[in-house]
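A closer look at the structure
One letter stands for each residue in the lines below.
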Amino acid sequence: MHDDDEVNGRVTLAAVAKEAGVSMPTVSKVLNGRSDVSRATRATVERLLELHGYRRRSRPASRAPLIELVFHELDSIWAMELIRGVESVARENRATVVLTESGTRHAPAPDWLPGVLRRRPLGVVLVFSTLPAEVRRRLGAAAIPFVVIDPAGDPDPDVASVGSANWAGGLAATRHLIDQRHRRIAIITGPEDMLCSLARLDGYRSAMAMAGLEADPRLTRFGDFHVRGGFAHAMDLLEGPDRPTAIFAGSDLQALGVLEAARVRGLRVPRDLSVVGYDDVPLAQWSSPPLTTVHQPLRHMAEEAARMLLRPDDPGTAAHRIELATHLVVRQSTAPPAGP
């Protein structure tokens, strides 16, 4: 061992090994993310390191000039905006971006962690709504800083993150439709277990209440942020004579599904149905008609997350959250309802 043998001048790694009843090489394996350590032994060593306030004094000289960007899926349009944002900051700092697809929308898969501990990047940017305590603890013990890009929710307060104003976005989208004289407005938000979906729904409900309008629960749907989900929900909403005159979709992809459902139902957008999306991905301006949408600054969010990792002060020592503004972009998919 070198400088890391001494922990804040109070305890040595040898003392931690003795207290844990293991060898020094075993403690080293835990610190370096090796997989050939039992779960119970790893938990004991990590608990003692945390108890004694272990912090690496400096980044290892062998650290690779990499920024690891982790998604649960790479096939979405908005993922490309996040990649471009991280890539631009990495290029300015002569670093390389490594892309990893792992886990669900809530957390990376367990088998991701040993790999990133072996790769030892400059830092990790994760696109997830939560990050398990064990993952945070092991990244911290290995002195690998991390930031959550968080279009999906609100991470724990001790996790550095970059998000956007979802409630304000939902409010702006719905107010625009109300200002267009729509009164029967439906919403297809995202999954019910994601805080961004609930925040956009709360913005919708607030706008309706402030206008003295009832938010009909039959017009509220929880989607999946994908085209197919938006299409399926819109087909149901647009069936029958008591259909909504406007739909606020919680993502541009869902809004594209709504546009297709309107076409299948024989409705013209925006004459018979107004549609508002969310995200403002590049494709939104090329839909037919061009989509009115809430601009979520995805690329800027990714840039800020990468800068947080590369700042001289370690982002892991004082976790904080940056929340960027959203704003409405009006195009041709909204208009006052036809008829009386």
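Located above this text is the structure these notes cover.
What you see as residue numbers is a count from 1 along each chain, following the sequence as written. Local features in a predicted model are, by the rule used here, given only for residues with pLDDT of at least 70; side-chain atom pairs are given and counted only at 80 or more, and totals for whole chains, interfaces and linings are based on all residues. Working from all heavy atoms in the structure, the side-chain values ignore hydrogens and water.

As for the overall build of the protein
Here a helix means four or more residues in a row that DSSP labels H or I, a strand means two or more in a row labelled E, and each is numbered from the N terminus. If you tally the helices and strands in the protein, you get 11 helices and 14 strands. A 1.4 Å probe rolled over the protein chains alone gives each residue an accessible area, and that area as a share of the maximum for its type sets the label: buried under 20%, exposed over 50%, partly exposed in between. Taking all 340 residues of the protein together, 54% fall into the buried category. When checking whether two residues touch, look at their non-hydrogen atoms; a contact exists if any pair is within 4.5 Å. Of the contacts made within the protein by residues no fewer than 6 positions apart, 71% connect residues no fewer than 24 positions apart. The method behind every accessible area is Shrake-Rupley, applied with a 1.4 Å probe, and residues are considered shielded solely by the protein chains displayed. Carbon and sulfur atoms make up 52% of the accessible area of the protein, which amounts to about 15,300 Å² in all.

Re unusual backbone geometry
Residue Pro270 follows Val269 across a cis peptide bond; omega there is 10°. One can find Pro270 in the loop between α10 (252-264) and β11 (274-279). The omega torsion of the bond from Ser288 to Pro289 falls at 0°, within 30 degrees of zero and hence cis. Secondary-structure assignment places Pro289 in the loop between β11 and β12 (292-295). The phi dihedral of Asp280 falls on the positive side, at around 60°, and the residue is not glycine. Relative to the helices and strands, Asp280 resides in the loop between β11 and β12. A relative accessible area of 17% places Asp280 in the buried class.

What to know about the sheet that holds strand β9 (residues 220-222)
At least two DSSP bridges between two strands are required for those strands to pair. Taking strand neighbours across the sheet as the criterion, the six strands line up as β9-β8-β10-β11-β12-β14 in an open arrangement whose pairing is mixed. Taken across any chain shown, the strands that pair with only one partner, and hence form the sheet edges, are β9 and β14 (327-329). Taken over all neighbouring pairs, the strand axes of this sheet differ in orientation by 20° on average, direction set aside. The sheet contact formed by β11 and β12 spans four bridges and is parallel. Following the sheet pairing, Asp279 is matched in β12 by His295. Fitted lines through C-alpha atoms serve as axes, helices being fitted only where they are in contact, and the angles separating the N-to-C directions of these axes extend from 0 to 180 degrees.

Quick notes on the packing of helix α9 (residues 227-237) against α10
Contact geometry for α9 and α10: axes closest at 7 Å, N-to-C directions at 40°. Considering their axes alone, α9 and α10 lie oblique with respect to each other. For the crossing formed where α9 meets α10, the hand is right-handed. Judged by residue contacts, Val227, Gly230, Phe231, Ala234 and Met235 of α9 engage Leu253, Gln254, Leu256, Gly257, Val258, Glu260, Ala261 and Val264 from α10. Amino acids are sorted into nonpolar (Ala, Val, Leu, Ile, Met, Phe, Trp, Tyr, Cys and Pro), charged (Asp, Glu, Lys and Arg) and polar (every other residue, Gly among them). In terms of residue class, the contact of α9 with α10 is made up of nine nonpolar, three polar and one charged. Roughly parallel here means an angle under 35 degrees, roughly antiparallel means over 145, roughly perpendicular means 65 to 115, and every remaining angle is called oblique. Take the far helix as the reference: if the near one is turned anticlockwise from it by less than a right angle, the crossing is left-handed, and if turned clockwise, right-handed.

Focus on the pairing of strand β5 (residues 123-126)
Residues Gly123 and Val125 of β5 are buried on one face, and the alternating residues Val124 and Leu126, pointing to the opposite face, are buried as well. Across three bridges, the pairing between β5 and strand β6 (residues 146-149) is parallel. Residue Val125 lies in a different strand from β6, and its bridge partner there is Val147.

Some details on the pattern of salt bridges
By salt bridge we mean one thing: a side-chain nitrogen of Lys or Arg within 4 Å of a carboxyl oxygen of Asp or Glu. Under the definition given, this model contains 14 salt bridges. With a shortest N-O distance of 2.6 Å, Asp236 and Arg221 are connected by a salt bridge. A residue pair is termed long-range when its members are at least 10 positions apart, and Asp236 in helix α9 and Arg221 in strand β9 qualify at 15 residues. The exposure class assigned to Asp236 is partly exposed, which follows from its relative accessible area of 40%. A residue is classified by how much of its surface remains accessible, and Arg221, at 17% relative accessible area, is buried. A single network of salt bridges, built from pairs that share partners, joins Arg184, Asp216, Arg218 and Asp242.

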